[in-house]
Amino acid sequence: MQQEQKRQQKEQPYTVVLAPNPSVMTGPGTNTIIVGSEATGALVIDPAVEAEDYLEQVITAGKARGGIRRILITHGHPDHCGGAAALRERLGVPVLAFSRAGVTLADEELEDGARLPVGDDSLLAIHTPGHRFDHLCFLLERAGILFAGDLLAGVGTVVIAPPEGDMAAYLASLRRLQRLELRSIVPGHGPIITDPGSKLAEYIDHRLLREQQVITALARFPEGATVSALVPHVYADVSSTLHALAAQSLTAHLLKLEQEGRVRRQDGERWQLLS
């Protein structure tokens, strides 16, 4: 077993341990990443839950890479940091995140552009708000591998839920990633993305299409409409069982359009398209 782990380490600079937290929001579960080598030790990204067997798998994967020395959090949603306190207690290592406002248990804050040594490579922290204000991606620079948290998913899309989520910031973060030379993306949920350029373009196009669908739907209601009235028109291609989630992203689109002066809010609930 130990020889197999070392072989995999040479072939792949990281290990994925799937957290046992599948759901509508998390898909098969959270991808917890262990990256590093015996030379510098290991970093673990997004320990998701306190389940004992799962934490043992994470610790074992870390030992194969020199032992876990830091815990990194992409953002403060529970399915990405739910196991951080338990792992810190077990190992006595610090928790790092973008801000304590987002991850209250963080021991250290990571600025945009911070670098951490990982074997003969480095891990670059990239502030990518949108899904949440404190969201970080981590780029393994020489390898061109992006650990993307919830900025992208291996299957489907990402919910942008105000007030923590911001559609304009989300699109800006996706466009920022387009300027990087990426070979693959390891998302927080779902399979590895092997065509980063195409996936990023797909995500941006999808959001802009939704935005146009919001505008088209609003045009059907000259006197204005509520979010609940708009959802069936904008998300006609989505199961009605998911419309409550869709309403959150729809609200994020409306807030972006409001910032741009393209729609206005009436009585706090109804939205009207401006000519």
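Residues numbered from 1 in each chain as written. Predicted model: local features only at pLDDT ≥ 70, side-chain atom pairs only at ≥ 80, totals over all residues. Heavy atoms only, no water.

A.B. asks: Is there a simple way to think about the sheet that holds strand S6 (residues 108–109) in this case?
C.D. replies: Backbone-to-backbone hydrogen bonds pair the strands of a sheet. The strands run either parallel or antiparallel. Read across the sheet, six strands follow the order S1-S2-S3-S4-S5-S6 without closing on themselves; strand pairing throughout is mixed. The open sheet has two edge strands, strand S1 (14–18) and S6, and neither has a second partner. Relative to S6, strand S5 (residues 95–97) runs parallel, the two sharing two bridges. Its bridge partner being in S6, Ala97 is matched across the sheet by Glu109. Set on the sheet, helix H2 (residues 52–63) makes contact with S1, strand S2 (31–37), strand S3 (41–45) and strand S4 (68–72); between it and S1 the angle comes to about 175°. (Pairing = 2+ DSSP bridges. Helix = DSSP H or I, 4+ residues; strand = E, 2+ residues; numbered from the N terminus. Contact = heavy atoms within 4.5 Å. Axes fitted to C-alpha atoms, helices over the stretch in contact; angles between N-to-C directions.)

A.B. asks: Would you take a moment to explain the packing of aromatic side chains for this structure?
C.D. replies: Here the distance between the centres and the angle between the planes together describe a pair of aromatic rings. In total, this model carries one aromatic pair according to the counting rule given. Consider the rings of Tyr14 and Phe147, whose centres lie 5.4 Å apart with planes at 80°: the pair is edge-to-face. A residue pair is termed long-range when its members are at least 10 positions apart, and Tyr14 in strand S1 and Phe147 in strand S10 (residues 145–149) qualify at 133 residues. Pair check on accessibility: Tyr14 and Phe147 agree, each one buried. (Phe/Tyr/Trp six-rings, centres within 6.5 Å; stacked < 30°, edge-to-face > 60°. Buried < 20%, exposed > 50% of the residue type's maximum accessible area, 1.4 Å probe, protein only.)

A.B. asks: For this particular structure, what's the right way to read unusual backbone geometry?
C.D. replies: Leaving glycine out, the prevailing phi sign among residues is negative, and the prevailing peptide bond configuration is trans. The residue after Pro162, namely Pro163, is reached through a cis peptide bond having omega 5°. When you line up the elements, Pro163 lands in the loop between S10 and helix H5 (167–178). With a phi angle near 65°, Asp46 is a residue other than glycine that sits in the positive phi range. You can see Asp46 is positioned in the loop between S3 and H2. The backbone phi angle of Asp267 is positive, close to 55°, even though this residue is not glycine.

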